[in-house]
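Now for the letters of each chain:
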Amino acid sequence: MSAAAEPAPAPGDTRALGRALHLGVPAAISVVAFLVIDLVLAGLVGRPWGPAYPVTMDALVLLRMGPLFFSGLIVWPAMRARGATRAQATIGILATPVAFAIVSGWRAAAFFPPLEAAYYATNPIVIGAIGAQVASAGVGALAYPIWRARRTRTISSSRWSWWPVVAVVAGTALTVFAVIWDGGQHLFYPWVLLYGRLFG
């Protein structure tokens, strides 16, 4: 087939890709921030340099929790403001927990077979992070219209919606169950038992 006979790429394809990249910037920033902090942590583990080491490691662990657990507070309204649908913004807020799951599975693969490593990617911290992101997105969805109205000094015409409140309650409940209530043991033990049944 000659080059002239090959179909040219549709102009809309390029525009669609550009739009997807535009929408995904807030989520990408969250994922990159998480990965950078996580890589720094991984590089410093077991290499103390002085008395500031424990404090620095604790600070980095807390800092990593920002993009992992709470970036939905910014990612959701930022993506919606860029024109993302609710489904697209949902993918955006889940991007960082999914990145954490992939990193967890990847590191577990150094010690376990592939299927067991993949199972480790479903660990309770991943579940807790998903819940926290959903709750954070709900808070962001509630706060953003108020912030925008004050910034533009206009009254928002959007109708009240209960879904952000439901997201806050449901997401918080999932996080509490997964990692906070009794240290998360109510999810951790069934997760370990299922591991034993699956892999012996």
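What comes next is a walk through the structure. (Residues numbered from 1 in each chain as written. Predicted model: local features only at pLDDT ≥ 70, side-chain atom pairs only at ≥ 80, totals over all residues. Heavy atoms only, no water.)

## Section: the side chain of S136
Part 1: Within the secondary structure, S136 is located in helix α6 (residues 124-152).
Part 2: Among the polar contacts made by the side chain of S136, one reaches the main-chain carbonyl oxygen of F69 at a distance of 3.4 Å.
Part 3: Contact partners of S136, with chain neighbours within four places excluded, come to F69, F70, G72 and L73. (Helix = DSSP H or I, 4+ residues; strand = E, 2+ residues; numbered from the N terminus. Polar contact = N/O pair within 3.5 Å; in protein donor to acceptor, adjacent residues only side chain to side chain. Contact = heavy atoms within 4.5 Å.)

## A few points about the nonpolar core
Part 1: Counting 12 residues, the largest nonpolar core consists of V31, F34, L68, F69, A99, F100, A101, V103, A121, V126, A129 and A132.
Part 2: Sorting the residues of this core by element identifies α1 (11-44), α2 (53-70), α4 (86-108) and α6 as the ones contributing at least two each.
Part 3: Considering every element that reaches this core, the biggest residue donor is α4, with 4 residues.
Part 4: Contact partners of V31, with chain neighbours within four places excluded, come to A95, T96 and A99.
Part 5: Grouped together as the second largest cluster of nonpolar side chains are 10 residues, A27, M79, I93 and A141 included. (Core = buried A, V, L, I, M, F, W, Y, C linked by side-chain atoms within 4.5 Å. Buried < 20%, exposed > 50% of the residue type's maximum accessible area, 1.4 Å probe, protein only.)

## Section: helix α3 (residues 72-81)
Part 1: Of the positions making up α3, those classed as buried are G72, V75, W76, P77 and M79.
Part 2: With its phi angle positive at about 105 degrees, G83 sits one or two positions after the end of α3.

## Describing the pattern of salt bridges
Part 1: Taken as a whole, this structure holds 2 salt bridges when the rule is applied.
Part 2: With its nearest N and O atoms 2.6 Å apart, the salt bridge here joins D38 to R64. Taken together, the residues D38 in helix α1 and R64 in helix α2 connect sequence positions 26 residues apart.
Part 3: Classification of D38 by relative accessible area gives buried; the value is 2%.
Part 4: The partner of R107 in a salt bridge is D38, with the nearest N and O atoms 2.7 Å apart. Taken together, the residues span a long stretch of sequence, with R107 in helix α4 and D38 in helix α1 at a distance of 69 residues. (Salt bridge = Lys/Arg side-chain N within 4 Å of Asp/Glu carboxyl O.)

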